[in-house]
Amino acid sequence: MSEEKSPIRSVCVYCGSQPGRDPAFMEAGRLFGRALAEKNLRLVYGGGTKGIMGAVAAGVLSAGGHVTGIIPEFLVDMEATRHSLGQLNELIITKDMHERKHAMFERSDAFVTLPGGIGTLEEIVEIMTWGQLGRHAKPMVFANVADFWKPMLELIDHMSASGFIHTAHLVRPLVIDRIEDIVPAIEARWAETGAPEGDPETISKL
């Protein structure tokens, strides 16, 4: 791991616990994990050691980076193995999904979404909702690997054009195709906004 520093300290990654059918998805996970480690950025993620989740964590660990996994007890044996969880630098086991999502939010300076399923989508949409409500201004990224998020991005544009996203300037997710461009883009957005935390008391009630 290099000594190169970043103005941010940790990045939350949302992604699938399955590998998906396109090999580019797993490769993107590994590449992004290494990119985080090279910038001394801690990975905060859902704790899974399978699929793309496992690829991101392995990428960070193989490059000497730090991984914090946050997983509900009921998912431990579904999305991971207890042995592989022992390889993480930090493991936080929560009582439920709600507690997990808040813990991930609190420990992260930015959010990156790689390909995934309904759970992945639900996580980033919630973060976007909090942004729209003015509860945070942390950078949010859709890693559009092989145009995976194109239908979702079209839906967001459609909702905005139809008058249902009245504070789109507060959401502003970054859409990035190349994995190597993600960290620089996050740093630029962070510098632009200052990434205020929002009101913790209000966040806790959402």
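Described below are features of the structure shown in this document. This structure is a prediction, so every number in the text was calculated from the model and none was measured. (Residues numbered from 1 in each chain as written. Predicted model: local features only at pLDDT ≥ 70, side-chain atom pairs only at ≥ 80, totals over all residues. Heavy atoms only, no water.)

## Description of the packing of aromatic side chains
Any pair of aromatic rings gets described here by the distance separating the centres and the angle formed by the planes.
Moving on, step 1. Counting across every chain of the model gives six aromatic pairs.
Moving on, step 2. Relative to phenylalanine 111, the ring of tyrosine 14 lies with its centre 6.1 Å away and its plane at 10°, an arrangement referred to as stacked. With tyrosine 14 in strand β1 (residues 10–14) and phenylalanine 111 in strand β5 (residues 110–113), this residue pair connects regions lying 97 residues apart in the sequence.
Moving on, step 3. By relative accessible area, tyrosine 14 is classed as buried at 3%.
Moving on, step 4. Since its relative accessible area comes to 0%, phenylalanine 111 is described here as buried.
Moving on, step 5. Of the aromatic side chains, those joined through ring pairs into one cluster are Tyr14, Phe105, Phe111 and Trp130.
Moving on, step 6. Sitting over the ring of phenylalanine 105, lysine 138 keeps its end group 3.9 Å from the ring centre. (Phe/Tyr/Trp six-rings, centres within 6.5 Å; stacked < 30°, edge-to-face > 60°. Helix = DSSP H or I, 4+ residues; strand = E, 2+ residues; numbered from the N terminus. Buried < 20%, exposed > 50% of the residue type's maximum accessible area, 1.4 Å probe, protein only. Lys NZ or Arg CZ within 6 Å of the ring centre and 35° of its normal.)

## Considerations on the environment of isoleucine 118
Moving on, step 1. Within the secondary structure layout, isoleucine 118 lies in helix α6 (residues 118–132).
Moving on, step 2. Residue class for isoleucine 118 comes out exposed when judged on its relative accessible area of 76%.
Moving on, step 3. Between the C-alpha atoms of isoleucine 118 and cysteine 15, which are 103 residues apart in sequence, the distance is 9.9 Å.

## Comments concerning the environment of glycine 69
Moving on, step 1. Its location among the elements puts glycine 69 in strand β3 (residues 67–72).
Moving on, step 2. Assessed through its relative accessible area of 0%, glycine 69 is described here as buried.
Moving on, step 3. For the pair glycine 69 and leucine 88, spaced 19 residues apart in the sequence, the C-alpha separation amounts to 6.9 Å.
Moving on, step 4. When near neighbours in sequence (up to four residues on either side) are disregarded, glycine 69 contacts Tyr45, Gly47, Leu88, Glu90, Leu91 and Ile92. (Contact = heavy atoms within 4.5 Å.)

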